[in-house]
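Analysis of the macromolecular model
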Amino acid sequence: MEIILITAISWFARLLTTMLVIRAIMSWFVRDPYSGLGKAYMAVIRFTEPFVEPCRGLLDRLNLNTGMLDFSVLLAFFLIEIVANVCISIVALI
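Attention here is on the structure that accompanies the text. Residue positions within a chain follow its written sequence, with the count starting from 1. Two thresholds apply to this predicted model, a pLDDT of at least 70 for residue-level local features and 80 or more for giving and counting side-chain atom pairs, whereas whole-chain, interface and lining totals are computed over all residues. In computing side-chain properties, one takes all heavy atoms of the structure into account and sets aside hydrogens as well as water.

To continue, consider the pattern of salt bridges. By definition, a salt bridge exists where a carboxyl oxygen of Asp or Glu is found within 4 Å of a side-chain nitrogen of Lys or Arg. Taken as a whole, this structure holds four salt bridges when the rule is applied. Each of Arg23, Glu49, Glu53, Arg56 and Asp70 takes part in one network of salt bridges that share partners.

What follows is the structure, encoded as structure tokens:
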């Protein structure tokens, strides 16, 4: 049973981090939100925004203004990895 839970946590974390990488790369290329690529980008944003928005708020509260660069996606990436590893460690101990 624990192997299934560990695998599910790992896959979910991998899916989220992959979507964050896709979001970051697509942000460089999407200019028209009504094109096919723009619609796909908006879908990726809707999927990842619940994880990125708290990180953006945390960076704002810590007064880490980075100008035009948005490090909230990078912070979300690291936090997802850390939380997934902690969860996997806890499940492995049970």
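Right, let's get into the packing of aromatic side chains. Ring pairs are drawn from Phe, Tyr and Trp, using the six-membered ring of Trp, whenever the two centres fall within 6.5 Å, and their geometry is named by plane angle: stacked under 30 degrees, edge-to-face over 60, tilted for the rest. In total, this model carries three aromatic pairs according to the counting rule given. Plain terms: the ring middles of Phe12 and Phe51 are 6.5 Å apart, the flat faces sit at 65 degrees to each other, and that makes the pair edge-to-face. Here Phe12 is found in helix α1 (residues 2-29), whereas its partner Phe51 is found in helix α2 (residues 36-61), with 39 residues between them in sequence. Throughout this description, buried means an accessible area under 20% of the type-specific maximum (1.4 Å probe, protein chains only), exposed means over 50%, and partly exposed covers the range between. Residue classification places Phe12 among the partly exposed positions, given a relative accessible area of 45%. Helix and strand definitions here come from DSSP, where helices need a minimum of 4 consecutive H or I residues and strands a minimum of 2 consecutive E residues; each element is numbered from the N-terminal end.

Here we take up the packing of α2 against helix α3 (residues 72-93). Each axis is a line fitted through C-alpha atoms, taken for helices only over the stretch in contact, and angles between the N-to-C directions span 0 to 180 degrees. The contact between α2 and α3 brings their axes to 8 Å, and the two run at 115 degrees. Relative to α3, the element α2 lies roughly perpendicular. In the packing of α2 onto α3, the handedness of the crossing is right-handed. Of α3, the residues touching α2 (which contributes Phe51, Val52, Cys55, Arg56, Leu58 and Leu59) are Ser72, Val73, Leu75, Ala76, Leu79 and Ile80. Amino acids outside the nonpolar list (Ala, Val, Leu, Ile, Met, Phe, Trp, Tyr, Cys, Pro) and the charged list (Asp, Glu, Lys, Arg) are all regarded as polar, and Gly is one of them. By residue class, the composition of the contact of α2 with α3 is ten nonpolar, one polar and one charged. Roughly parallel means an angle under 35 degrees; roughly antiparallel, over 145; roughly perpendicular, 65 to 115; everything else is oblique. Less than a right angle of anticlockwise turn of the near helix away from the far helix marks a crossing as left-handed, whereas a clockwise turn marks it as right-handed. We call two residues contacting when some pair of their heavy atoms lies within 4.5 Å.

Right, let's talk about the side chain of Thr48 for a bit. Position of Thr48 relative to the elements: it lies in helix α2. Look past the residues within four positions of Thr48 in its chain and what remains in contact with it is Met19, Leu20 and Arg23.

On to the state of the cysteines, then. A pair of cysteine sulfur atoms is labelled a disulfide when the two atoms are within 2.5 Å. Inspection of the entire model under this criterion finds zero disulfides. Of the cysteine sulfurs around Cys55, a residue in no disulfide, the closest is that of Cys87, at 15 Å. Cys55 gets classed as buried once you look at its relative accessible area, which sits at 5%.

So, to be careful, I would describe these as geometric facts and stop short of saying anything about function.
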